[in-house]
Amino acid sequence: MRKKLIAGNWKMNNDVEESLSLVKELKSKELNDKVDVLICPPLTSLYSVISELKDSSIKVGAQNMHYEERGAFTGEVSPIMLKNIGVEYVIVGHSERRQYFNETDFVVNKKIKAALEYGLKPIICLGETLEEREKGIEKDSVRNQLTKAFDGIKESQIVLAYEPIWAIGTGKTATSQQANEMTAFIRNVIAEIYREEFANKVVIQYGGSVKATNASEILNQPSIDGALVGGASLNADEFAKIVNFGN
Ligand code: 13P
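Reference entry: report on the structure contained in this document. Quick caveat, the model's predicted, so the values are computed rather than measured. (Residues numbered from 1 in each chain as written. Predicted model: local features only at pLDDT ≥ 70, side-chain atom pairs only at ≥ 80, totals over all residues. Heavy atoms only, no water.)

## Focus on the nonpolar core
Most often, soluble globular proteins keep nonpolar side chains buried together rather than apart. What counts is decided by this rule: We call a set of buried residues a nonpolar core when its members are Ala, Val, Leu, Ile, Met, Phe, Trp, Tyr or Cys and they connect through side-chain atoms within 4.5 Å of each other. Only protein chains enter the accessibility calculation, which uses a 1.4 Å probe. A residue is then buried if its area is under 20% of the maximum for its type, exposed if over 50%, and partly exposed in between. Counting from the N terminus, the helices are DSSP H or I runs at least four residues long and the strands are E runs at least two residues long. Here a residue-residue contact requires only that any non-hydrogen atoms of the pair lie within 4.5 Å.
Within the largest apolar cluster, 64 residues are counted, with the highest numbers of intra-cluster contacts made by Ile-39, Leu-82, Ile-124, Leu-160, Ile-186, Ile-190 and Tyr-206. The biggest single contributor to this core is helix α8 (residues 176-193), with six residues. Residues in contact with Ile-186, not counting those within four places in the same chain, are Leu-126, Val-142, Leu-146, Leu-160, Tyr-162 and Ile-204.

Below, the structure written as structure tokens:
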């Protein structure tokens, strides 16, 4: 049985004080212990949030990193630096990074390799554009991203997040059937690249306008193993409701 992973991607929101107050509120709530809960605050809040969550089961991830260990890369942060402060997961290849920061499949692949090398668990984001879905080539697009992401990578502890670009921050959610169909497709492609046994173990999340009101419908789909939540993770009540979707 795969354990569900429900993650909050705070994106570029919350300074240190705001981050700590959100985390304290979240900590005070009763959270479903059948799922793993993860939050990904902005870089400047990571250290304080990790310290605040020392005795909590809530896990912490970063939203991005460089693939090099150190060097002349102004403004970047390395996997080793994240690992050093206790970061456990790192989001790689989010569509906003692909779209606004020219992150290519090649770079995504290098980042996955670097994350694994330094003991971080990558959450690899993939998803099609609206145009691709309208043309009926969404599966080709996702297969292409997957194949390139996994190039040269052995079976490892990875998480995938299917985030159709047209559903991110738009209030438009993929239907639970669309999301389930694509996550099942992703699992089949992983089975083709690796083995079915491995594919059955990989956690595949859905992301894109997940809220308290649609969480249960999405998270009860057989192939969906969690959610990567943007906007709705900025509110402790709302995020807790998503985490407690079954109750
Ligand atoms: P929203 O939940 O705000 O649509 O964002 C989804 C997302 O991009 C999570 O990484």
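The discussion continues.
## Topic: the packing of helix α1 (residues 16-27) against helix α11 (residues 236-243)
The test is simple: Axis lines are fitted to C-alpha atoms, over the contacting stretch for helices. Their N-to-C directions set the angle, which ranges from 0 to 180 degrees. Working rule for angles: under 35 degrees goes down as roughly parallel, over 145 as roughly antiparallel, 65 to 115 as roughly perpendicular, anything else as oblique. What makes a crossing left-handed is the near helix being turned counterclockwise from the far one by less than a right angle; a clockwise turn instead makes it right-handed. Note on residue classes: Ala, Val, Leu, Ile, Met, Phe, Trp, Tyr, Cys and Pro are nonpolar, Asp, Glu, Lys and Arg are charged, and everything else, Gly too, is polar.
The N-to-C vectors of α1 and α11 enclose an angle of 45°; their axes lie 9 Å apart at closest approach. Taken together, the axes of α1 and α11 are oblique relative to one another. With respect to the hand of their crossing, α1 and α11 are arranged in right-handed fashion. Touching Leu-22, Glu-25 and Leu-26 of α1 are Ala-236, Asp-237, Phe-239 and Ala-240, all from α11. Considering only residue class, the contact of α1 with α11 consists of five nonpolar, no polar and two charged.

## Focus: the site of the ligand
The following threshold applies: Nearness is defined per residue: one heavy atom within 4 Å of the molecule or strand is enough. Throughout this description, a polar contact denotes any pair of N or O atoms lying within 3.5 Å of each other; where both atoms belong to protein, one of them has to be capable of donating a hydrogen while the other can accept it, and for residues adjacent in sequence the pair is counted only when both atoms sit in side chains. Using a 1.4 Å probe, the Shrake-Rupley method yields the accessible areas, and only the shown protein chains count as cover for residues.
All residues adjacent to the ligand are Asn-9, Lys-11, His-94, Glu-163, Ala-167, Ile-168, Gly-169, Gly-208, Ser-209, Leu-228, Gly-230 and Gly-231. Here an oxygen atom of the ligand and a side-chain polar atom of Lys-11 are 2.8 Å apart. In isolation the ligand offers 310 Å² of accessible surface; the protein chains occlude 94% of this area. Residue classes in the shell around the ligand are distributed as three nonpolar, seven polar and two charged.

## Focus on α8
Under the convention used in this document: In this scheme, a helix's expected span is set at 1.5 Å multiplied by one less than its residue total.
Spanning 18 residues, α8 covers 26 Å between terminal C-alpha atoms, matching the ideal 26 Å at 1.5 Å per step. Among the residues of α8, those classed as buried are Ser-176, Ala-179, Asn-180, Met-182, Thr-183, Phe-185, Ile-186, Arg-187, Val-189 and Ile-190.

## Topic: the pairing of strand β2 (residues 35-40)
In plain terms, the rule: The criterion for strand pairing is that DSSP finds at least two bridges linking the strands in question. When the strands point away from the viewer, a crossover counts as right-handed if the path from the first strand over the helix to the second runs clockwise.
Extensive coverage of β2 is indicated by the burial of five of its six residues. Alignment of strand β1 (residues 4-9) against β2, held across six bridges, turns out to be parallel. Along β2, the bridge assignment pairs Gly-8 with Ile-39. Pairing geometry for β2 and strand β3 (residues 59-62), over two bridges, is parallel. Of the residues in β3, the one forming a bridge with Ile-39 is Val-60. Crossover β2 to β3 through helix α2 (residues 43-52) is right-handed.

## Some thoughts on the pairing of strand β4 (residues 89-92)
Residues of β4 alternate between two faces, with Tyr-89 and Ile-91 on one and Val-90 and Val-92 on the opposite face, all of them buried. Across two bridges, the pairing between β3 and β4 is parallel. Its bridge partner lying in β4, Ala-62 is registered against Val-90. Crossover handedness for the path β3 to helix α3 (residues 79-84) to β4: right-handed.

## Here we look at the packing of aromatic side chains
We apply this condition: Aromatic rings from Phe, Tyr and Trp, with only the six-membered ring used for Trp, were paired whenever their centres fell within 6.5 Å, and each pair was classed as stacked if the ring planes differed by under 30 degrees, edge-to-face if by over 60, and tilted otherwise. Placement of a charge over a ring requires the Lys NZ or Arg CZ to be within 6 Å of the ring centre, with the centre-to-atom vector within 35 degrees of the ring normal.
What the rule picks out here adds up to three aromatic pairs. On the numbers, 5.0 Å between centres and 65° between planes, the contact of Tyr-194 with Phe-198 is edge-to-face. Taken together, the ring pairs in this structure connect Phe-150, Tyr-194 and Phe-198 into an aromatic cluster. The ring of Phe-101 carries the charged tip of Arg-97 above its face, separated from the ring centre by 4.3 Å.

## Concerning the environment of Lys-27
As for its placement among the helices and strands, Lys-27 is situated in helix α1. Through-space distance from the C-alpha of Lys-27 to that of Val-60 is 13 Å; in sequence the pair is 33 residues apart. Aside from chain neighbours lying at most four places away, what touches Lys-27 is Glu-52, Leu-53, Ser-56 and Ile-58.

## Some points on the sheet that holds strand β7 (residues 203-207)
With parallel pairing, eight strands are arranged side by side around a closed barrel as β1-β2-β3-β4-β5-β6-β7-β8. Adjacent strand axes in the sheet meet at a mean angle of 25° when their direction is disregarded.

## Topic: the pattern of salt bridges
Just so we agree on the cut-off: Counted as salt bridges are all cases of a side-chain nitrogen of Lys or Arg within 4 Å of a carboxyl oxygen of Asp or Glu.
A complete count under the given rule lists 19 salt bridges for this structure. Across the pair Arg-70 and Glu-69 runs a salt bridge, and its minimum N-O distance is 3.1 Å. Across the pair Lys-111 and Glu-103 runs a salt bridge, and its minimum N-O distance is 2.9 Å. Through salt bridges with shared partners, a single ionic network connects Arg-2, Arg-187 and Asp-225.

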